[in-house]
Amino acid sequence: MAQHPELGFYTLAGAPDSPRDLIAEVRDAETLGLGAAFISERYNIKEAATLSGAAGAVSENIRIITGATNHNTRHPIVTASYATTMHYLTGGRFTLGIGRGIAPLQDAYGIGRITTAQMEDFALLMRRLWHGETVIGHDGPNGSWPVLRLDPDFDADIPLGLVAFGPRSLELGGRVFDDVILHTFFTDETLARSVETVKNAAERAGRDPASVRVWSCFATIGDHIDEPLRVKKSVGRLATYLQAYGDLMVETNRWDPATLAAFRADPMVAGFRGAIDDKATTAELEHIATLIPDEWLAPSATGTADQCAAAVRDQLALGADAVILHGATPTQLAPILDAYTRP
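As a starting point, this report considers the structure included with it. All figures in this text were calculated on a predicted structure; none of them were measured in a lab.

What follows deals with the packing of aromatic side chains. Under the criterion given, the structure shown has 10 aromatic pairs. Where Phe165 meets Phe186, the ring centres are 5.5 Å apart and the plane angle is 65°; that geometry is what we call edge-to-face. Here the residue Phe165 occupies a position in the loop between strand S7 (160-163) and helix H6 (167-176), and Phe186 occupies one in the loop between strand S8 (179-181) and helix H7 (188-204), the gap between them amounting to 21 residues. In terms of burial, Phe165 and Phe186 fall into one category: buried.

Attention now goes to the packing of helix H8 (residues 227-253) against helix H12 (residues 282-289). One can describe the packing of H8 onto H12 by two numbers: an axis separation of 10 Å at closest approach and a directional angle of 55°. What the angle tells us is that H8 and H12 run oblique. When the axes of H8 and H12 are compared, the crossing they make is left-handed. Seen from H8, the contacting residues are Pro228, Val231, Lys232, Val235, Gly236 and Ala239; seen from H12, they are Thr282, Leu285, Ile288 and Ala289. The residue makeup of the contact of H8 with H12, split by class, is seven nonpolar, two polar and one charged.

Residues Leu34, Leu96, Trp130, Leu238, Phe263 and Ile292 are the most contacted members of the largest nonpolar core, which totals 92 residues. Of the residues forming this core, the biggest block, eight residues, is contributed by H8. Leave out the neighbours within four places in its chain, and Phe263 touches Ala239, Leu242, Gln243, Val269, Ile276, Ile288, Leu291 and Ile292. Formed by nine residues, the second largest nonpolar core is a distinct cluster that contains Tyr10, Ala36, Ile65 and Ile181.

The contact between helix H2 (residues 48-57) and helix H3 (residues 76-89) brings their axes to 10 Å, and the two run at 10°. Comparing the axis directions of H2 and H3 gives the class roughly parallel. Of H3, the residues touching H2 (which contributes Ala48, Ala49, Ser52 and Gly53) are Tyr82, Met86 and Leu89. Looking at the contact of H2 with H3, its residues break down into five nonpolar, two polar and no charged.

Turning our attention to the pattern of salt bridges. Enumeration according to the criterion identifies 18 salt bridges in this entry. With a closest N to O distance of 3.5 Å, Glu189 and Arg254 form a salt bridge. Linking Glu189 in helix H7 with Arg254 in the loop between H8 and helix H9 (257-265), this pair joins segments that are 65 residues apart in sequence. Between Arg264 and Asp247 there is a salt bridge, with the nearest N and O atoms lying 3.1 Å from each other. Taken as a pair, Arg264 in helix H9 and Asp247 in helix H8 lie far apart in primary sequence, 17 residues in all. Asp247 sits in the partly exposed class, given a relative accessible area of 49%. Ionic contacts of the salt-bridge type, sharing partners, join the residues Glu41, Glu47 and Arg74 into one network.

This part covers a nonpolar patch on the surface. Among the surface-exposed residues, Tyr43, Ile102, Leu105 and Tyr109 lie close enough to one another that they form a single nonpolar patch of about 380 Å² accessible area. Overall, the relative accessible area of 45% leaves Tyr43 in the partly exposed class.

Let us look at unusual backbone geometry. Cis peptide bonds are those with omega within 30 degrees of zero, and the linkage from Gly67 to Ala68 qualifies with 20°. Structurally, Ala68 can be placed in the loop between strand S3 (63-66) and H3. If you check the backbone angles, Leu12 has positive phi at about 55° while not being a glycine. As for its placement among the helices and strands, Leu12 is situated in the loop between strand S1 (4-11) and helix H1 (21-32). With phi around 60°, Arg254 is a residue other than glycine that occupies positive phi space. Judged by its relative accessible area of 58%, Arg254 falls in the exposed class.

Cut-offs applied
All residue numbers here refer to positions counted from 1 along the written sequence of the relevant chain. In keeping with the predicted nature of the model, local features appear solely for residues at pLDDT of at least 70, side-chain atom pairs appear and are counted solely at 80 or more, and the whole-chain, interface and lining totals rest on all residues. For side-chain calculations, the full set of non-hydrogen atoms in the structure is used, while hydrogens and water are omitted. In this analysis, rings of Phe, Tyr and Trp, with Trp reduced to its six-membered ring, are considered paired at centre separations within 6.5 Å, and the interplanar angle assigns stacked below 30 degrees, edge-to-face beyond 60, and tilted for intermediate values. Helix and strand definitions here come from DSSP, where helices need a minimum of 4 consecutive H or I residues and strands a minimum of 2 consecutive E residues; each element is numbered from the N-terminal end. Per-residue accessibility, obtained with a 1.4 Å probe over protein chains only, is compared with the maximum for each type, and a residue is labelled buried under 20%, exposed over 50%, and partly exposed between these values. Comment: axis = line fitted to C-alpha atoms, over the contacting stretch for helices; angle = value between 0 and 180 degrees taken between N-to-C directions. Any angle that is under 35 degrees is reported as roughly parallel, and any over 145 degrees as roughly antiparallel; angles of 65 to 115 degrees are reported as roughly perpendicular and all others as oblique. Crossing handedness is defined as follows: a turn of the near helix away from the far one that is anticlockwise and smaller than a right angle gives a left-handed crossing, while the clockwise case is right-handed. Whether two residues are in contact is decided by their heavy atoms: any pair within 4.5 Å suffices. Throughout, the ten residues Ala, Val, Leu, Ile, Met, Phe, Trp, Tyr, Cys and Pro are labelled nonpolar, Asp, Glu, Lys and Arg are labelled charged, and all others, Gly among them, are labelled polar. The nonpolar core is taken to be a set of buried Ala, Val, Leu, Ile, Met, Phe, Trp, Tyr and Cys residues, with the residues joined through side-chain atoms within 4.5 Å. When a carboxyl oxygen of Asp or Glu lies within 4 Å of a side-chain nitrogen of Lys or Arg, that pair is called a salt bridge. Think of a patch as exposed residues, more than 30% relative accessible area, with no salt bridge, where like charges cluster within 9 Å and nonpolar side chains (Val, Leu, Ile, Met, Phe, Trp, Tyr) cluster within 5 Å. For every accessible area listed, the method is Shrake-Rupley and the probe measures 1.4 Å; residues are considered covered only by the protein chains on display.

Here it is as structure tokens:
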């Protein structure tokens, strides 16, 4: 099977029945030649450190990337040792990816909102610890600690990833991080603009822009998947994003904010409890589909396997270094990968 380091997938996409599904997915992905398995985190059965270890234990070649965890939900020494453990467990296949998180959820749980300065401070601190440094009296945006230390014999180059949305995060990704993971349902114009922002920031920081890998996160929903599941993976997923951070999505994609306001004002949406992609019925999703313009759902790979493969290639042509085939299991992606591989 051909290897595709430029392609990845999210394991346990959406709302899985069991975290154990990851085992078969990672093995299948490796067999199919996918280059990276991304791990997202939700506070239920998707705790990132546990899933990372499981993915590392059942694979030999595929990269394992958190996309993402939050840096402020664990003590920095705990996160740093999580990353070094994964690095040595996998023979260097692990990337620690962080993100800004969902502000309303952080507020509800009493977790501090994450700033750009904190993420930069965290990344620089991790690199010092991974290279065996004992950090004395750290006092920065993340907090103050008398001593931080892992092992003075460490000299590990562990890649860092950043899930980036707005311009400040994109610039930070280019300035400091190794992998920058964009968001799903970015328009072509937004994708190209985001890649340019990352690469320009890398160049200004004195880095080789080619050394920063920008991932398009591209909803991939072939028509070989049953219709109710396709609606869940498209309408349900976008609706959930609009629930969580719709203003940012609309601003980033330069969409009409009045459409978002109408979506939020709909009685079903306004009264919905939980994530739409997790809890909504097919009938509810069909109603919600009437609230979302087709052009908002258009930035995705849909149709036949050949059409999906062509859409993935277009993401690379627009400037992305790599593409996450988002929202589908490796088994569901197999026909698309076959089409992608054909000349």
